[in-house]
Amino acid sequence: EFDCILMDLHMPVVDGESAARHIKSTTNRNSTVPIISVSAYGTSEASTTLFAASLSKPVSKADLLAVMRQLGFKTSSHQDGGGPASAARVVAVR
């Protein structure tokens, strides 16, 4: 089970709205998980009812954290201390 799903709206085989509808229509553990749409082209009318929130590409860490907080997650960011090439991690807990 996932805590949250980031769904790209424009994928090569199945678009994000179709994939989200499929996830929501099943009886598996992820059918109630919040889905956040991600797109460089804006959102459609269906997106407002299908997705818990939306993000525009390129996704910034600040925007992701803001949306996660909006959805009720407690968030913090950590630097792994591995030097300039190391990546920051985003931690979200609901």
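Residues numbered from 1 in each chain as written. Predicted model: local features only at pLDDT ≥ 70, side-chain atom pairs only at ≥ 80, totals over all residues. Heavy atoms only, no water.

Peptide bonds are mostly trans, and most non-glycine residues show a negative phi. Between Lys-57 and Pro-58 the backbone carries a cis peptide bond, its omega angle lying at -5 degrees. Mapped onto the elements, Pro-58 comes out in the loop between β3 (53-56) and α3 (61-70). (Helix = DSSP H or I, 4+ residues; strand = E, 2+ residues; numbered from the N terminus.)

Let's shift gears to the sheet that holds β3. Overall, parallel pairing links the three strands, which are arranged β1-β2-β3 in an open sheet. Each of the sheet's edge strands pairs with one partner strand only, and the pair in question is β1 (5-8) and β3. Pairs of neighbouring strands in the sheet enclose a mean axial angle of 30 degrees, with direction left out of account. Note: β1 against strand β2 (residues 35-39), four bridges, orientation parallel. Residue pairing for β2: Leu-6 is matched across the bridge by Ile-36. Along the sheet, helix α1 (residues 16-25) makes contact with β1 and β2, crossing β1 at roughly 145 degrees. Its contacts with the sheet place α3 against β1, β2 and β3, and it is angled at close to 175 degrees to β3. (Pairing = 2+ DSSP bridges. Axes fitted to C-alpha atoms, helices over the stretch in contact; angles between N-to-C directions. Contact = heavy atoms within 4.5 Å.)

Along α3, the residues that are buried comprise Leu-64, Leu-65, Val-67 and Met-68. An end-on view of α3 places all buried positions within 165 degrees of arc, on one side of the element. Those residues of α3 that are exposed and aimed more than 90 degrees away from the buried face are Ala-62 and Gln-70. Positive backbone phi, at 95 degrees, marks Gly-72, one or two positions downstream of α3. (Buried < 20%, exposed > 50% of the residue type's maximum accessible area, 1.4 Å probe, protein only. Arc of directions from axis to C-beta.)

Honestly, that's just the spatial picture; any functional story needs more than this.
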